[in-house]
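Geometric and topological summary
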Amino acid sequence: MNLGYENRQFVYNFTQKFTPEPYHYFEIWTSSMIYKIGNLNASLVFYLTIPSLFVSQIFLALLAVIERSGKPSFIHILCIIILLFAVSFMPVISLVTSKTVKEMYVLGTHKWMSILLFVIWFALFFYYGKKKEAYYILLCLPFVNIITIVWIYGVIGVVLTWNLLIKKKIDKAYLIPYVVSVLIYLFFVICGPERSSSVREPFKFSLLRLYFTQAVMYSLYYIHIIIALYLLNRKYFLFCLRKFFPILAITFIVTESFSIFLRGWNYDATQFPSVSIPVCLFVFLVCVFLNIVSRMDWTNRNKIIIGGFALVSFLLTFSVCKISYNSLSIDELKYRSEILSKLPTQNEYRIGFYRDANDERGWGGGLGRVDGLMKPDFLDYYHNNVWHFTVNKGDNEFVYGTENSPYRDFYMAENKRDTTLTDDEIRLKYIKENKIEYLEILSGVLSDSFLSHFILIAENKESGESFYKLAY
């Protein structure tokens, strides 16, 4: 966040230069702006402030949908809250069949919240008749999150082509921004590093069944919201469905097609429909829902329907969003406190972490790998610019790009250069060359001769973790 590296190479950026690559940086840009201006802790801002900011913006946008029909009341605000807590109906469907699409709570992660925020902004501007402004917001979305590139460019491309070939007309105010946006993005992708993955699923004709099975699953995704809309105002709901169904259908066909045919190059292509379709459906259904409740009479029947929907929605949410909190032991608290008390204030902290081959603490593709990425540890919540370097290499062949590490490359090169070097000698040389000042042993045992180069700062005998400082 602080150094401006817009790629997924992490600590590789300290060893070589990489060009920027598309990803999802909007939430990181926003977080960096807030914590730099306020001189705050980057991790706390990212995990606490950003979700609050995004959700409040989404809430205000939905409130504006109701305001078009009149002044919002307390019951309208409750409806918005109920909708924001709504998850899909997949938990229930999965009880019947295991072959379901992925459950995606639209407020579940930062990257999904940022997508939802821009799509709701688009819907809001469109709803208020500002179609060009809404269109420009939509064109920003692929830059906010790469996973929307197929959805946005694909659907807009189909609509523009339809107008050109069938209606024999094209509006330059829509065509030129689209072409410019696509060209900029293509340049961004071409100049970026290779994005292919060793985790792939070669195309086979049986995958074509997804056009049917996924269509059925996604039609049931928010079935509880659909039933509530049908009962509240069947005529208006069917009118909106007929009007926007072509866009929903094109979204499904485009994203599902790219998912089927590109997963042989990169399995992340499966995210094209699994993110785009739920967000698209959610925004459509929520806007229709709020438009209905803002104009309807609050009869006893309608109150019962809203109450029943709220009950079902909250039961689904609580069945999905189960969070368990593990309290820290006294030994762990003492261990962390001792480290924090002995760490001086520095511009950056370069910390090497060591763990044995059976340690499954990891992040992303590196889950369960010795040199996989690590989640932020407690130090990240007290200090900015904490850089974690793995100082151990697994015996496995890495599968995901995130499982590789600078240390693995360094180890291979040094071992090839001089086969007499021991693992400890290679590890110590790597630590010195990369100016790693601290060492955290998360699991496993290092030799006494290697540890003689370090000073013990803190030790947790219960967990086996220990924290050292380089002696020179």
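Above: the structure in question.
Anyway, here's the lowdown on the structure attached to this text. Since this is a predicted model, take the numbers as computed values, not measurements.

Here we look at the nonpolar core
- Residues L116, W151, F289 and L290 are the most contacted members of the largest nonpolar core, which totals 91 residues.
- Ranked by residues supplied to this core, first place goes to helix α12 (residues 271-293) with 17 residues.
- Discounting residues that sit within four places of it in the chain, L290 has contacts with L62, V65, I66, I80 and L83.

Describing unusual backbone geometry
- Look at N385: it is not a glycine, yet its phi comes out positive at around 60 degrees.
- Phi is positive for K435, close to 55 degrees, though the residue is something other than glycine.
- Within the secondary structure, K435 sits in the loop between α16 (423-433) and β3 (438-441).

Some thoughts on the pattern of salt bridges
- In the structure shown here, the tally under the stated rule is seven salt bridges.
- With a closest N to O distance of 3.1 Å, K342 and E338 form a salt bridge. Taken as a pair, K342 and E338 lie in helix α14 (residues 330-342) at a separation of four residues, close to a single helical turn.
- Of the residues examined, K342 reaches a relative accessible area of 46% and is grouped as partly exposed.
- Here E414 ties to R417 by a salt bridge, and the two come within 2.7 Å at their closest N and O atoms. On the criterion of helical spacing, the pair formed by E414 and R417 is a turn pair, its members being three residues apart in helix α15 (residues 406-417).
- When its relative accessible area of 9% is taken as the criterion, E414 is described as buried.

Description of helix α10 (residues 223-232)
- Among the residues of α10, those classed as buried are H224, I225, A228, L229 and L232. Along the axis of α10, the buried residues cluster in a sector spanning 135 degrees; they form a single face.
- On its buried side, α10 packs onto α11 (234-262), α12 and α13 (300-320).

So, the packing of aromatic side chains
- This structure, assessed with the given rule, holds 29 aromatic pairs.
- Ring centres of Y236 and F239 lie 6.4 Å apart, and the angle between their planes is 35 degrees; on these two criteria the pair is classed as tilted. Taken as a pair, Y236 and F239 lie in helix α11 at a separation of three residues, close to a single helical turn.
- Aromatic pair F314 and F318: ring centres 6.2 Å apart, planes at 20 degrees, arrangement stacked. With a gap of four residues between them, F314 and F318 both fall in helix α13, about one helical turn apart.
- In this structure F318 comes out as exposed when scored by relative accessible area, which is 57%.

Some details on the pairing of strand β1 (residues 349-354)
- Counting buried residues in β1 gives six out of six residues, a clear majority hidden from the surface.
- Going residue by residue along β1, you find Y349, I351 and F353 tucked away on one face and R350, G352 and Y354 tucked away on the opposite face as well.
- Sheet topology places β1 next to strand β2 (residues 386-390); five bridges connect them, and they run parallel. Paired with R350 across the two strands is W387, which belongs to β2.
- As paired elements, β1 and β3 share four bridges and run parallel to each other. Within the sheet, the bridge partner assigned to Y354 lies in β3 and is I441.

What about the sheet that holds β3?
- Spatial ordering of the open sheet is given by β2-β1-β3-β5-β4, a layout of five strands whose pairing is mixed. Only two strands of the sheet have a single neighbouring strand rather than two, namely β2 and β4 (454-460). Across this sheet, the average inter-strand angle for adjacent strands is 25 degrees, counted without regard to direction.
- In the packing of α14 onto the sheet, contacts are made with β3, β4 and β5 (465-470), and the angle to β4 comes to roughly 150 degrees.

Reading the values: rules and limits
Residues numbered from 1 in each chain as written. Predicted model: local features only at pLDDT ≥ 70, side-chain atom pairs only at ≥ 80, totals over all residues. Heavy atoms only, no water. Core = buried A, V, L, I, M, F, W, Y, C linked by side-chain atoms within 4.5 Å. Buried < 20%, exposed > 50% of the residue type's maximum accessible area, 1.4 Å probe, protein only. Helix = DSSP H or I, 4+ residues; strand = E, 2+ residues; numbered from the N terminus. Contact = heavy atoms within 4.5 Å. Salt bridge = Lys/Arg side-chain N within 4 Å of Asp/Glu carboxyl O. Arc of directions from axis to C-beta. Phe/Tyr/Trp six-rings, centres within 6.5 Å; stacked < 30°, edge-to-face > 60°. Pairing = 2+ DSSP bridges. Axes fitted to C-alpha atoms, helices over the stretch in contact; angles between N-to-C directions.

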